[in-house]
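# Coordinate inspection notes
What follows is each chain in one-letter form.
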Amino acid sequence: MTFGELKRSVLALGFERELDDTADLIPALRRSLHTLFLDRPVLKTVRLPRPDKSIRLIAKEIHHRPGGTESYTAVGRALSFTVSGKGSYVYSVADIVREHSFDSELSEVRSFIGDGVTVSFIGDYGYTVYNLAVCDELTSERPEDIPLWDERLTTDLKRALGDYLGPYKQPESISGTPIAGAYVIDGVMHVPENHYGPIVLTYRRAPIMPSGYEDDEPIDVPLECAELLPLLLASYIWLDDDPDKSDLYRALYRDGMGTLMRFMPKETGAPYLTNGWA
C-alpha cells in the first residue's frame, strides 16, 4: 500500500473527493500505525552479542571508621561501587584531587578514572562501601554504562535497536531454548553472567513512520492489516467533524482486528507462556 492509495481509500470511506485539511492527515496516520502495531504486533528476530562486562573486584566490603581513611589504588578505565551512609570519597591522580560527598541509604557510583587513580574514603561517620571494582574496557562514553560488580549483563534495547517497541519472547540461545534467568523490562534486556554466546531476541518492532511527501511512498503496514488501516485512519480524521462516522469506522476496525486475531495467529505450534517476565 502506498500513501496515495491510502488517501484514496480514506476519501472513499468519507464519500469525498478531497480532504478539507490534509495537515492533520500525517499525525493521524502516525497515530493509526502506532495503534495498529500495538493491536497486531509486527515481530522481528535479531541476533545480539552477549553483553560485555570486563570488571575486576578490588574489595567486596569496606567498613569506614569515623575519622579514618581507607585508600585503594585502581588501575583501569573506570571505577564503580555502592555506598550506604554519609561521608566522602576522594579521587587522587598526581596533583589532582577531587572530593565527592554522599548521604543516602544506598548510592551507586560510576566514574571514569583514566589510566589509574587512588580512591580514599573519609568522613566523620561510619558507613559501608560495597563491591569496589575497576573496569578495564568501556562500552560507551556514558557513565551509566559503567557496570557494577553485582550487576547483571544488560543491553538497552531502545538504544541498540532503533525500531524496538516492546518485548514478545524471553531471550533465547541460538539453539532456540529460553535463556534461564534472562528477561526484558522497561526496554532493557537482562542476561545472567553464566550465559555465553549470542542471544536471539524476538520483539515487537515499531512502524516506519511516513513522511507524506510523495504519493508513491510505501506505507509500513502488514499485508493482512492493509484493509484495516484506512478504517482506523478514517476514525481519527473524522473524530471531531463527524463523531458518528468516526465511531462507525472504529467499530469496523475493531471487528476486523478481532477476526484477524482469532483466525490468523502470529505463531504456529505450542502457545508461548510468558511466566510473567513481560
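A brief report on the enclosed structure follows. (Residues numbered from 1 in each chain as written. Predicted model: local features only at pLDDT ≥ 70, side-chain atom pairs only at ≥ 80, totals over all residues. Heavy atoms only, no water.)

## Brief notes about the overall build of the protein
Inclusion rule: Starting at the N terminus, helices and strands are each numbered in turn, a helix being any DSSP run of H or I of at least four residues and a strand any DSSP run of E of at least two. To get the radius of gyration, use the C-alpha atoms; to get the globule rule, take the number of residues to the power 0.38 and multiply by 2.2 Å. The cut-offs for exposure are 20% and 50% of the maximum accessible area for each residue type, with area from a 1.4 Å probe on protein chains only; residues under the lower value are buried, those over the upper are exposed, and the others partly exposed. In these tables, accessible area is a Shrake-Rupley quantity obtained with a 1.4 Å probe, and a residue counts as shielded only by the protein chains included in the view. The positive count covers Lys and Arg only, the negative count covers Asp and Glu only, and His and the chain ends enter neither. A charged residue contributes its charge at one atom only: NZ of Lys, CZ of Arg, CG of Asp or CD of Glu.
Counting its secondary structure elements, the protein contains five helices and twelve strands. Here the C-alpha radius of gyration of the protein, 27 Å, is well above what a compact globule of 278 residues would show, namely 19 Å. With the C-alpha coordinates aligned to their principal axes, the bounding extent of the protein is approximately 80 × 45 × 30 Å. Looking at the protein as a whole, 44% of its 278 residues are labelled buried. Of the roughly 15,600 Å² that the protein leaves accessible, carbon and sulfur atoms contribute 51%. Averaging the locations of the 29 positively and 43 negatively charged side chains of the protein gives two centres separated by 5 Å.

## Looking at unusual backbone geometry
Note: most residues except glycine have negative phi, and most peptide bonds are trans. One non-glycine residue, Ala94, lies in the positive phi region at around 55 degrees. Residue position: Ala94 is located in the loop between β4 (78-93) and β5 (96-112). Despite not being glycine, Asp186 shows a phi value in the positive range, around 55 degrees. Here Asp186 is to be found in the loop between β10 (183-185) and β11 (188-191).

## A few points about the sheet that holds strand β1 (residues 43-48)
Cut-off, in case you're wondering: For two strands to be treated as a pair, DSSP must find at least two bridges joining them. In this analysis, axes come from line fits to C-alpha atoms, helices being fitted only over the stretch in contact, and the angle between any two N-to-C directions falls in the range 0 to 180 degrees.
Taken in spatial order, the three strands of this open sheet run β1-β12-β9, and their pairing is antiparallel. Edge strands, defined here as strands with exactly one partner in the open sheet, are β1 and β9 (164-167). Pairs of neighbouring strands in the sheet enclose a mean axial angle of 50 degrees, with direction left out of account.

## Thoughts on helix α1 (residues 3-13)
Spelled out, the test is: Contacts between residues were defined by any pair of non-hydrogen atoms, one from each residue, lying within 4.5 Å.
Of all the positions in α1, only Phe3, Gly4, Leu6, Val10, Leu11 and Leu13 are classed as buried. Buried positions along α1 lie against α2 (25-39), α4 (229-237) and α5 (243-263).

## Some remarks on the sheet that holds β10
With antiparallel pairing, three strands are arranged side by side in an open sheet as β8-β11-β10. Among the strands making up the open sheet, the edge pair consists of β8 (153-156) and β10. Sheet twist, expressed as the average angle between the axes of neighbouring strands with direction ignored, equals 25 degrees. Where β8 meets β11, four bridges bridge the pair, whose relative direction is antiparallel. In the sheet register, Thr155 faces β11, and the bridge partner there is Met189.

## Brief notes about the packing of aromatic side chains
How two aromatic rings sit relative to each other is given by the distance of their centres and the angle of their planes. For the record, the criterion: Centres within 6.5 Å make a pair out of two Phe, Tyr or Trp rings, where for Trp the six-membered ring is used; the pair is then stacked when the planes are under 30 degrees apart, edge-to-face when over 60, and tilted otherwise.
All chains considered together, the criterion is met by six aromatic pairs. Judged by centre distance (5.3 Å) and plane angle (85 degrees), the rings of Phe81 and Phe121 are edge-to-face. Placement of the pair is Phe81 in strand β4 and Phe121 in strand β6 (residues 117-122), with a sequence separation of 40 residues. This pair shows no difference in class: Phe81 is buried, exactly as Phe121 is.

## Observations concerning the nonpolar core
Side chains of nonpolar character tend, in soluble globular proteins, to be buried together. Heads up, the condition is: What makes a nonpolar core is a set of buried Ala, Val, Leu, Ile, Met, Phe, Trp, Tyr and Cys residues whose side-chain atoms join them at distances within 4.5 Å.
In this structure, Leu29, Leu36, Ile219 and Leu229 are the most contacted members of the largest nonpolar core, which totals 27 residues. For this core, the element with the most residues is α2, which contributes seven residues. When residues no more than four places from it in sequence are discounted, the contact partners of Leu229 are Met1, Leu6, Leu29, Ser32, Leu33, Leu36, Ile219 and Val221.

## Here we look at the environment of Ser111
Within the secondary structure, Ser111 sits in strand β5. According to the relative accessible area criterion, Ser111 is buried, its value standing at 12%. Distance from Ser111 to Ile62, taken between C-alpha atoms, is 18 Å for residues 49 residues apart in sequence. Among all residues touching Ser111, those that are not within four sequence positions of it are Ala78, Leu79, Tyr91 and Ile146.

## Examining the environment of Pro210
Summarising the element assignment, Pro210 is placed in the loop between β12 (199-205) and α4. When the C-alpha positions of Pro210 and Arg250 are compared, they lie 22 Å apart, and in sequence the two are 40 residues distant. The residues contacting Pro210, other than those within four sequence positions of it, are Ile26, Leu29, Arg30, Leu33, Glu217 and Ile219.

## Section: the packing of α4 against α5
Here is the rule: An angle below 35 degrees is treated as roughly parallel, one above 145 as roughly antiparallel, one from 65 to 115 as roughly perpendicular, and anything else as oblique. Helix crossings fall into two classes, left-handed where the near helix is turned counterclockwise from the far one by less than a right angle and right-handed where it is turned clockwise.
It is at 8 Å that the axes of α4 and α5 come closest, and there the two elements cross at 155 degrees. In terms of orientation, α4 lies roughly antiparallel with respect to α5. For α4 against α5, the interelement crossing comes out left-handed. Seen from α4, the contacting residues are Leu231, Leu232, Ala234, Ser235 and Tyr236; seen from α5, they are Ser246, Tyr249, Arg250, Leu252 and Tyr253.

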